[in-house]
Amino acid sequence: MNEYIDSRELQQMKEQLAILTQKLNKETIVNERLMRQAMKDKASWLRRRFIIKGIANLILLPYFIWLAPGVLGLSVGFCIFVSLFILLTLGCDYYINTRFRPEKFVYGNLLEARQDTLMLKKFYANWRKYVGFPFCVIFFAWYIHDISHVLHGDELNNVLIGMAVGVVLGIIAGKFQYRKVQRAIDGILEQIEEMQCSQ
């Protein structure tokens, strides 16, 4: 009689363990879906940011090609330099957006998504250091040179003061945006590592 009770209790415990295992598996699947969706949301925000920047660059391009030389009296060389930089930026943004797809975080391989995210992080850091900063230095030096031939006296001083304020505000906004992008990328990488550890 005791053997029957023990085997019956053992059978009930096995059934309860199977039910618990099923619930844990479902919870793991739901948790993984939520994490993948959170990563996709962050990746979508990053992608939207690059698209908005690309649209802004497309709006600026005709200004530097047709309006800046005639309206502001800026040199043609300066306008060509800025236009080429804008085209370079558009090309790089296009390249990034073709490689960095938010859908990969929901349906794709996590290892591939991690590689793309690391590539984006490295590209963004290198762009800022090796392209963005040197461009800004050349841009402002050349702009001051060109504008000083067009404006004189108080007009020139007002433009230079306005430009100095703009540079300071631009540096602050640029650092803020850079940190925000890097935090989003780091968040995606942390979530990928958590998911890889849990598998």
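Residues numbered from 1 in each chain as written. Predicted model: local features only at pLDDT ≥ 70, side-chain atom pairs only at ≥ 80, totals over all residues. Heavy atoms only, no water.

Let us now look at the side chain of Q191. With respect to the secondary-structure elements, Q191 resides in helix 5 (residues 153-198). Residues in contact with Q191, not counting those within four places in the same chain, are M35, A38, M39 and K42. (Helix = DSSP H or I, 4+ residues; strand = E, 2+ residues; numbered from the N terminus. Contact = heavy atoms within 4.5 Å.)

Time to look at the packing of aromatic side chains. Evaluated as defined, the whole model comprises 15 aromatic pairs. On the numbers, 5.8 Å between centres and 70° between planes, the contact of F78 with W142 is edge-to-face. Of the two residues, F78 sits in helix 2 (residues 76-99) while W142 sits in helix 4 (residues 110-150), which places them 64 residues apart along the sequence. We classify F78 as buried; its relative accessible area is 0%. You can call W142 partly exposed: its relative accessible area is 28%. Put simply, the rings of Y63, F64, F78, F81, F85, F123, W127, F135, F139, F140, W142 and Y143 touch in pairs and so form one group of aromatic residues. Looking at R128, its charged tip hangs above the ring of Y178, at a distance of 4.2 Å from the centre. (Phe/Tyr/Trp six-rings, centres within 6.5 Å; stacked < 30°, edge-to-face > 60°. Buried < 20%, exposed > 50% of the residue type's maximum accessible area, 1.4 Å probe, protein only. Lys NZ or Arg CZ within 6 Å of the ring centre and 35° of its normal.)

Turning next to the pattern of salt bridges. With the rule as written, the count across this model stands at two salt bridges. Here D93 makes a salt bridge to K53, at a shortest N to O gap of 3.5 Å. Residue D93 is found in helix 2, and its partner K53 is found in helix 1 (residues 2-72); the two are separated by 40 residues along the sequence. Note that D186 and K121 form a salt bridge whose closest N and O atoms lie 2.7 Å from each other. Separated by 65 residues along the polypeptide, D186 in helix 5 and K121 in helix 4 bring together distant segments of the chain. Relative accessible area serves as the criterion here: at 26%, K121 is assigned to the partly exposed category. (Salt bridge = Lys/Arg side-chain N within 4 Å of Asp/Glu carboxyl O.)

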